[in-house]
Number of protein chains: 2
Amino acid sequence: MAATLRDVADRAQVSVRTVSNVVSGYEHVSEKMRQRVLRAIEELGYIPNPVARTLRTGKTGLLSLVVPEIDVPYFSQLAREVIDAAASLGFQVMIDQTGHDHERERQLLRGGGRRNLFDGMLFAPLATGDELRDVDPARSSPLILLGEHVFDHRFDHVAIDNVVAAHDATTHLLDCGRTRIAAIGAQPKEMYSTPLQRTEGFRKALDEHGLEPVTALQATAAHYGRADGYEATASLLRESPRPDAIFCYSDLLAMGAIRAVFDAGLRVPDDVAIIGIDDIEEGRYSRPSLSTVSLDTPFIARTAVSRLAARIEDPGLPAEEFVAPHTVIPRESTGGASRADSGGV
Amino acid sequence: MAATLRDVADRAQVSVRTVSNVVSGYEHVSEKMRQRVLRAIEELGYIPNPVARTLRTGKTGLLSLVVPEIDVPYFSQLAREVIDAAASLGFQVMIDQTGHDHERERQLLRGGGRRNLFDGMLFAPLATGDELRDVDPARSSPLILLGEHVFDHRFDHVAIDNVVAAHDATTHLLDCGRTRIAAIGAQPKEMYSTPLQRTEGFRKALDEHGLEPVTALQATAAHYGRADGYEATASLLRESPRPDAIFCYSDLLAMGAIRAVFDAGLRVPDDVAIIGIDDIEEGRYSRPSLSTVSLDTPFIARTAVSRLAARIEDPGLPAEEFVAPHTVIPRESTGGASRADSGGV
DNA sequence: TTGTATGCGTTATCAA
DNA sequence: TTGATAACGCATACAA
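Rules used throughout
- Residue positions are counted from 1 within each chain, in the order its sequence is given.
- Whichever chain is written first is A, and whichever ligand is written first is 1; the rest continue in order.
- Predicted model: local features are reported for residues with pLDDT of at least 70 only, side-chain atom pairs are reported and counted for 80 or more only, and whole-chain, interface and lining totals are derived from all residues.
- The side-chain values count all of the structure's non-hydrogen atoms but skip hydrogen atoms and water molecules.
- Definition of nonpolar core: a set of buried residues of the types Ala, Val, Leu, Ile, Met, Phe, Trp, Tyr and Cys, connected through side-chain atoms within 4.5 Å.
- Here's how the labels work: a residue is buried when its accessible area is under 20% of the maximum for its type, exposed when over 50%, partly exposed in between, all with a 1.4 Å probe on protein chains only.
- Throughout, a residue-residue contact means that at least one pair of heavy atoms, one from each residue, lies within 4.5 Å.
- UniProt positions are given in the numbering used here, feature names are shortened, and annotations may be inferred rather than shown by experiment.
- Put simply, DSSP marks the helices as runs of H or I at least four residues long and the strands as runs of E at least two long, and each gets a number from the N terminus on.
- Geometry is summarised by axes, namely lines fitted to C-alpha atoms with helices restricted to the contacting stretch, and by angles between N-to-C directions that run from 0 to 180 degrees.
- Any angle that is under 35 degrees is reported as roughly parallel, and any over 145 degrees as roughly antiparallel; angles of 65 to 115 degrees are reported as roughly perpendicular and all others as oblique.
- Whether a crossing is left-handed or right-handed is set by the direction in which the near helix is turned from the far one by less than a right angle, anticlockwise for left-handed and clockwise for right-handed.
- Think of it as three bins: nonpolar holds Ala, Val, Leu, Ile, Met, Phe, Trp, Tyr, Cys and Pro, charged holds Asp, Glu, Lys and Arg, and polar takes everything else, Gly as well.
- Cavities and pockets were defined on a 1 Å grid built from protein atoms only: a cavity is a group of points that admits a 1.4 Å probe but offers it no way out, a pocket is an open group of points flanked by protein on both sides within 12 Å along at least five of seven lines, and a lining residue is one with an atom within 4 Å of any such point.
- Grid points are joined across faces, edges and corners, and a volume is the space filled by probe spheres set on the points.
- What counts as a disulfide here is a pair of cysteine sulfur atoms lying within 2.5 Å.
- For this purpose, a residue is taken to be near a molecule or strand whenever a single non-hydrogen atom of the residue falls within 4 Å of it.
- By the criterion applied in these results, polar contacts are pairs of N or O atoms within 3.5 Å in which, for protein atoms, one can donate a hydrogen and the other can accept it, and in which residues neighboring in sequence qualify only through two side-chain atoms.
- At least two DSSP bridges between two strands are needed for those strands to be called paired.
- This arc is taken over the directions from the axis of the helix to the C-beta atoms.
- Working definition: rings of Phe, Tyr and Trp (its six-membered ring) pair if their centres are within 6.5 Å, and the pair is stacked with planes under 30 degrees apart, edge-to-face with planes over 60 apart, and tilted otherwise.

## Brief notes about the nonpolar core
Part 1: A:L146, A:I274, B:I95, B:L146 and B:I274 are the most contacted members of the largest nonpolar core, which totals 141 residues.
Part 2: In this view, B:I95 contacts A:I83, A:V93, A:I95, B:L65, B:V67, B:I70, B:A79 and B:I83; residues no more than four positions away in its chain are not counted.
Part 3: One finds A:M121, B:V66, B:F118 and B:F123 within the second-largest nonpolar core, a separate group that totals 30 residues.

## Quick look at the UniProt feature "domain: HTH lacI-type" (unreviewed entry) in chain A
Part 1: As annotated by UniProt and renumbered to match this structure, "domain: HTH lacI-type" (unreviewed entry) occupies residues 3-57 of chain A.
Part 2: Note that residues 3-57 of chain A is 69% helix and 0% strand, and that its end C-alpha atoms are spaced 20 Å apart.

## Details of the packing of helix α1 (residues 5-12) of chain B against helix α3 (residues 31-44) of chain B
All names here are of chain B.
Part 1: The N-to-C vectors of α1 and α3 enclose an angle of 120 degrees; their axes lie 9 Å apart at closest approach. In terms of orientation, α1 and α3 fall into the oblique class. In this structure, α1 crosses over α3, and the sense of that crossing is right-handed. Counted together, D7, V8, R11 and A12 of α1 and R36, V37, A40, I41, E43 and L44 of α3 form the full contact between these two elements.
Part 2: Across the contact of α1 with α3, the residue classes break down as 6 nonpolar, no polar and 4 charged.

## Focus on empty space enclosed by the protein
Part 1: Summed over the entire model, instances satisfying the criterion amount to 2 cavities of 30 Å³ or more.
Part 2: Around the largest cavity sit 13 residues that line it, and A:S286, A:R287, B:M255, B:S286 and B:R287 are the ones nearest its centre.
Part 3: Sorting the residues of the lining of the largest cavity by element identifies α11 (251-263) and α12 (282-285) of chain A together with α11 (251-263) and α12 (282-285) of chain B as the ones contributing at least two each.
Part 4: Ranked by the residues each element gives to the lining of the largest cavity, the list is headed by α11(B), at 3 residues.
Part 5: Taken together, the residues that form the lining of the largest cavity break down as 6 nonpolar, 2 polar and 5 charged.
Part 6: There is about 60 Å³ of room inside the second largest cavity.
Part 7: A:P50, A:V51, A:T54, A:T60, A:L62, A:L117, B:V51, B:T54, B:T60 and B:L117 are the residues that line the second largest cavity.
Part 8: Looking at the lining of the second largest cavity, the elements with two or more residues in it are α4 (50-57) of chain A together with α4 (50-57) of chain B.
Part 9: Top contributing element to the lining of the second largest cavity by residue count: α4(A), with 3 residues.
Part 10: Each residue belonging to the lining of the second largest cavity can be placed in one class, and the counts come to 6 nonpolar, 4 polar and no charged.

## Side note on the state of the cysteines
Each disulfide consists of one covalent bond between the sulfur atoms belonging to two cysteines.
Part 1: In the structure shown here, the tally under the stated rule is 0 disulfides over all chains.
Part 2: Here A:C176 is not disulfide-linked; the sulfur of A:C248 is the nearest cysteine sulfur, at 14 Å.

## Quick word on the protein's contact with DNA strand D
Part 1: Inspection of the region around DNA strand D gives 22 residues, with A:L5, A:Y46, A:R53, A:R56 and B:T18 positioned closest.
Part 2: At the protein interface, 61% of the atoms of DNA strand D within 4 Å belong to sugar or phosphate.
Part 3: Within the side chain of B:T18, one N or O atom sits 2.4 Å away from a phosphate oxygen of DNA strand D.
Part 4: Take B:H28: an N or O atom from its side chain is 2.8 Å from a phosphate oxygen of DNA strand D.
Part 5: Put simply, the parts of the chain that give the surface near DNA strand D at least two residues each are α2 (16-23) and α4 of chain A together with α2 (16-23) and α4 of chain B.
Part 6: Top contributing element to the surface near DNA strand D by residue count: α4(A), with 4 residues.
Part 7: Among the residues making up the surface near DNA strand D, the classes are represented as 9 nonpolar, 8 polar and 5 charged.

## Observations concerning the sheet that holds strand β3 (residues 120-123) of chain A
Part 1: Taking strand neighbours across the sheet as the criterion, the 12 strands line up as β11(A)-β5(A)-β4(A)-β3(A)-β1(A)-β2(A)-β2(B)-β1(B)-β3(B)-β4(B)-β5(B)-β11(B) in an open arrangement whose pairing is mixed. With partners counted over all chains shown, the strands left at the sheet margins are β11 (321-324) of chain A together with β11 (321-324) of chain B, one partner each. Direction aside, neighbouring strands of the sheet carry axes that sit 20 degrees apart on average.
Part 2: The sheet contact formed by strand β4 (residues 143-146) of chain A and strand β5 (residues 156-160) of chain A spans 3 bridges and is parallel. Bridge assignment links A:I144 to a residue of β5(A), and that residue is A:D156.
Part 3: Contacts from helix α13 (residues 297-313) of chain A reach β1 (62-67), β3, β4, β5 and β11 of chain A, with the element oriented near 165 degrees to β4(A).

## Examining the protein's contact with DNA strand C
Part 1: If you check the shell around DNA strand C, you find 23 residues, and the closest are A:T18, A:M33, A:R56, B:L5 and B:R56.
Part 2: Within the contact set of DNA strand C, a base nitrogen lies 3.0 Å away from a side-chain nitrogen or oxygen of A:R56.
Part 3: Here a base nitrogen of DNA strand C sits 3.4 Å away from a polar atom, N or O, in the main chain of B:A52.
Part 4: Along the lines of polarity and charge, the residues of the surface near DNA strand C split into 10 nonpolar, 8 polar and 5 charged.

## Details of α1(B)
All names here are of chain B.
Part 1: What α1 keeps buried is the set V8, A9 and A12. What you see down the axis of α1 is that its buried residues fit within an arc of 100 degrees, all on one side. The outward face of α1, more than 90 degrees from its buried face, is lined by the exposed residues R6 and D10.
Part 2: If you follow the buried residues of α1, they end up packed against α2 and α3.
Part 3: The first or second residue beyond α1 is Q13, which carries a positive phi of 60 degrees.

## Let's talk about the packing of aromatic side chains
Aromatic ring pairs are described here by two measures, namely the spacing of the ring centres and the angle between the planes.
Residue and element names in this part refer to chain A.
Part 1: This model, assessed by the stated rule, comprises 8 aromatic pairs over all chains.
Part 2: Note on Y74 and F75: the rings are 5.5 Å apart at their centroids and 65 degrees apart in plane angle, and the pair reads as edge-to-face. In this structure, Y74 and F75 share a single accessibility class: buried.
Part 3: Put simply, the rings of F202, F247 and Y249 touch in pairs and so form one group of aromatic residues.

This is the structure:
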């Protein structure tokens, strides 16, 4: 059915070698030959078979992006930018979801049983060091870690400085005059690095203002979804005295938190100020609009993809760490700028 | 580096044929051979090369999902379910974005220059019939259309009944006692089928209640994002008399609409009732929570993937149309149930 | 500059 | 039941 290199060669009365040269843009091909080949290609509607090419060259042109769930706004936005960045470098992107399943993460890290199907992997996991420990950078396919400052310096990673980001968010609440500041997002059992680092930044900011972190005001959240934020907040508001501000470890947690405050008959930011992390678009239109820490996801995506491309070219590259910029964006939920002033539209 | 079938064969002192049989679970292999082979596989850490397998069998185990933008909640939710459905059938999913670019759509329909890289394609496009007209179902790779009732019956498609869905949403507003009902989502220039059908359903519902559609109350939206909904609503509210209800062709439009009503100093639903379509999670936590038409995306994803799988097996299958169920979900934005009653949490 | 021939790692055909 | 071997479609070493 589909034409092959050989079909084209026969039709153009040249060897497959010449056709291959033309197709792959090889320099030394006479103009006459090139034209002949090009016409045959046109006539046959020839399209190179990437699979055969891959078998020969070992490169698939495919990257794998692994996220917990693609429908979490932060990850879908990241995915969008990763796909675009990859496309600009000639790669296509496969997406896998771990669904918070450690075993699945471990499996995907091993190549998911399809080791040779992609040239490299972008891994945006919950992963503790545990899953990574078994992985040998020298033997596995090129890997870039996203969003986690793992304490494993054998791998490249691209992430924000979680400690500073959390510190900045908390400081913003303190600067708004709040003193009973709660946090949502510590993990109940797991020892993921992101929550740990955010908690560290949170405490550090309190400490700088001479405040002690109140244990009862530090709520855990199994996941980082709206439902988790809602539940955690509902429970925080039963404390007495109740918190006058909440730092949520994700914007989605914050969206749930805002609704919970409202459902409890209180107001944001008057009674409780709220800030998140991620800067998802939803927070620019919510009522009140959400103060947050904006992460430079385009930077993350571009850096990660180009580093991965580089590593695919040269697997011997030393592991490196890339820190993405972040900015605190005050909006209505902390009594800050109105939506119109927030750059939201 | 990586062990091949031949390496295993050498080590186990058998032919590659036997190893292949064991690996692919062929019936007629003596237990002794199987054990010998299995041990060699274990010792060498052998993993089959999917690319070579593909070259031979012609099947890659990859599906391509094409959406306008993966970070639109509706599409990311769909993607999530497609990926899961595909995984359960042994497929992995590549994602491509068209970014509202017709040329890009056309190109992807032609296989994106990588025709043989995936076994089939799920296409969730803006596509008019135009892009599809050039495509020959018999020659191109298996294709399922998502979300569009194209007037082209040469292809399978999975979609809701847009006319009825829009009719039901509008009827809900009418049942709430609203009489000046606006709509947002008609397309400025393009003739996509989805907006056309939703407009048809909208008018039909008005007509059934003896109302004439007011041209000035039918706002266009270039895309279906929050910003579009915000702008369109801001302009609708300048009409006089202003609308007392708005039917938005997507939930995202509705989120922008709610914020715009609020920014205009009015209230939802008291002054303006709002309903959307999609039932994204965001609308369950917003203030007010968003009345909407819930689409059965799990049904859409499962149906599309299994139909695609069937078509990959038998490309000769006749084109078929699958209609996904939808339900109107009244929430606060039309004065309906409170968040807690809405099944939102 | 172009042609010939080999191999990438599998599966499948044909014998044995 | 198992072995030898020919494809699958392409890129490239080697020759011409």
